[in-house]
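Coordinates in review
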Amino acid sequence: MKRALITGVTGQDGSYLTEFLLAKGYEVHGVVRRTSSLERSRLKHLFSNTEIYGQQLFLHYADLDDPTTLRRVLFKVKPEEIYHLAGQSHVGLSFEIPESTCELTAMGTLRLLEMIRDLPEPTRLFHAASSEIFGQPAESPQSELTPMAPVNPYGCAKAFATRMVAVYRSAFGIFGCNGIMYNHESPRRGENFVTRKICRAAAEIKRGRLKELVLGDLGASRDWGDARDYVRGMWLMLQQPQPGDYVLATGRLHSVRDILDVAFQTVQLNWPEWVRQDARFLRPSEPMRLIGNPSKAREKLGWVPESTFGDLIREMTLAELGGT
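Quick look at the structure, then. A quick note: this is a predicted structure, and the numbers were derived from the prediction, not measured.

Further remarks concern the pattern of salt bridges. Following the criterion strictly, the structure yields 22 salt bridges and no others. Put simply, R169 and D245 hold a salt bridge, and the shortest N to O gap is 2.8 Å. Taken together, the residues span a long stretch of sequence, with R169 in helix α6 (residues 153–172) and D245 in the loop between α8 (227–237) and β11 (246–248) at a distance of 76 residues. The salt bridge involving E315 is made with R228; its shortest N-O contact spans 2.8 Å. Of this pair, E315 sits in helix α11 (residues 309–322) while R228 sits in helix α8, placing them 87 residues apart in sequence.

If you want it as structure tokens, here you go:
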């Protein structure tokens, strides 16, 4: 039974990755912060199952900004695979809290790399990089060779962490992989992300509980995929004979208007009647044409997204409609 350690285990990706690895027969160890509210987490259905929690799944308290606790967990668990997903992950919020974003996302990754150097047995590391490292890209679509040019604090922090993984791979022989992941969504997406915000609003307006949805730039475009596809890509990277960096993306660009079209059509409403734009929701700096070229992942990993954009947004909207 392989042992895997996941930082950010209670997040969207962490919860799906946990389910994925458990299904593959792994012993899964998750790192949670002391402030995490487990009762409301995406893992509730697992840690309430006595046949899984304490048998195949174990949670440990530690923080990226507290090296002692994290080091203790690493040396206790001795994982064969580490999936580093933790960090402040909201781009817009990073403008409000740039220091803590860099502390957790950039320096937290560096601390983890230093700890991995000291482990008595080698381990394999997956680092969740981001398309935001490209910011204002010099080319479109972007590949693993596209120069980094971040335009927000989150992107800067991720660029630092991504480069450090490559440095430690080259200098110290660490099996470290950067998954340069484009936006990926699911019904478990955080409520402050625009995809979830739109899908929830469509359902609430349909129920008569909400009168309007206020958004910023409706023309903002991203390469949106399904989180469950991306989790599969994470695992595939660590199964390869040699470490490397891979873009995980759909290669298709969609706008906020496209999300509105699908979500409101799902509930049989005409979104222009319910949506209002507000300049206060515009970001200080907006990346341009972030669309990924996943050809390396397709050729080397055999990774192909299985979900479509339309199916994903419809699922998210119906999940909100079926909620309370």
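Spatially, the seven strands line up as an open sheet ordered β3-β2-β1-β4-β5-β6-β11, and their pairing is parallel. A single partner strand is all that each edge strand has here, and the edge strands are β3 (57–61) and β11. Averaged over all neighbouring strand pairs, the angle between strand axes comes to 20°, with direction disregarded. Relative to β11, strand β6 (residues 175–181) runs parallel, the two sharing three bridges. By the bridge assignment for β11, M181 is matched with L248. Against the sheet, helix α1 (residues 12–23) engages β1 (3–7), β2 (27–32), β3, β4 (81–84) and β6, with an angle of about 170° to β1.

Counting residues in each nonpolar core, the largest one holds 45 residues, and the members touching the most others are I6, L17, L21, Y83, F126 and M234. Among the elements that take part in this core, α8 stands out by supplying seven residues, more than any other. The next biggest cluster of nonpolar side chains, apart from the first, holds 23 residues, and it includes A220, I259, V262 and M316.

This next bit is on the environment of S255. With respect to the helices, strands and loops of the structure, S255 is situated in strand β12 (residues 254–255). Separated by 67 residues in sequence, S255 and G322 place their C-alpha atoms 25 Å apart.

Counting buried positions over the eleven residues of α8 gives ten, a clear majority of the element. Buried within α8 are the following residues: A227, D229, Y230, V231, R232, G233, M234, W235, L236 and M237.

In this section: the packing of aromatic side chains. Applying the stated criterion across every chain, the model contains six aromatic pairs. Taken together, a centroid distance of 6.3 Å and an interplanar angle of 65° make the contact between F47 and Y53 edge-to-face. A cation over an aromatic ring shows up here: K24 above the ring of W235, its NZ or CZ 4.4 Å from the ring centre. In this structure, R188 packs its charged tip against the face of Y16, placed 4.0 Å from the ring centre.

Right, let's talk about the pairing of β4 for a bit. Of the two faces of β4, both are covered, the one formed by E81 and Y83 as well as the one formed by I82 and H84. Sheet analysis places β1 next to β4, joined by four bridges and oriented parallel. Considered in β4, the bridge of T7 is made with H84. As paired strands, β4 and strand β5 (residues 124–130) are joined by four bridges and run parallel to one another. Each residue of the ladder has a partner; that of E81, found in β5, is R124.

This brings us to the side chain of H29. Mapped onto the elements of the fold, H29 is located in strand β2. Setting aside residues up to four positions removed in sequence, H29 forms contacts with R3, A4, L5, I6, F58, H60 and V77.

It is worth spelling out the environment of R196 at this point. The topology assignment puts R196 in helix α7 (residues 194–207). On a C-alpha basis, the gap between R196 and G135 in space is 23 Å, while along the polypeptide they are 61 residues apart. When near neighbours in sequence (up to four residues on either side) are disregarded, R196 contacts P187, R188, R189, G190, E191, M316 and E320.

Here we come to the side chain of S15. Here S15 shows up in helix α1. The class of S15 is buried, set by a relative accessible area of 0%. In contact with S15, not counting residues within four places along its chain, are V9, R42, L43 and R188.

What follows deals with the environment of L110. Here L110 is to be found in helix α5 (residues 98–118). Once residues within four sequence positions are removed from consideration, L110 is found in contact with F160, M164 and Y168.

Moving on to the pairing of β6. On a regular strand, one side chain projects to one face of the sheet and the next to the other, so that they alternate. Judged by how many residues are buried, β6 sits mostly within the fold: seven of seven residues are covered. Because side chains alternate across β6, one face comprises the buried residues F175, C177, G179 and M181, and the other comprises G176, N178 and I180, equally buried. Two strands pair when backbone bridges link them, and β5 and β6 are joined in this way by seven bridges, in the parallel orientation. Counterpart to L125 in the pairing with β6 is G176. Once you follow β5 into α6 and on to β6, the crossover reads as right-handed.

Basis of the calculations
- Residues numbered from 1 in each chain as written.
- Predicted model: local features only at pLDDT ≥ 70, side-chain atom pairs only at ≥ 80, totals over all residues.
- Heavy atoms only, no water.
- Salt bridge = Lys/Arg side-chain N within 4 Å of Asp/Glu carboxyl O.
- Helix = DSSP H or I, 4+ residues; strand = E, 2+ residues; numbered from the N terminus.
- Pairing = 2+ DSSP bridges.
- Axes fitted to C-alpha atoms, helices over the stretch in contact; angles between N-to-C directions.
- Contact = heavy atoms within 4.5 Å.
- Core = buried A, V, L, I, M, F, W, Y, C linked by side-chain atoms within 4.5 Å.
- Buried < 20%, exposed > 50% of the residue type's maximum accessible area, 1.4 Å probe, protein only.
- Phe/Tyr/Trp six-rings, centres within 6.5 Å; stacked < 30°, edge-to-face > 60°.
- Lys NZ or Arg CZ within 6 Å of the ring centre and 35° of its normal.
- Right-handed = clockwise from strand over helix to strand, strands pointing away.

By themselves, these observations are geometric and do not establish any function.
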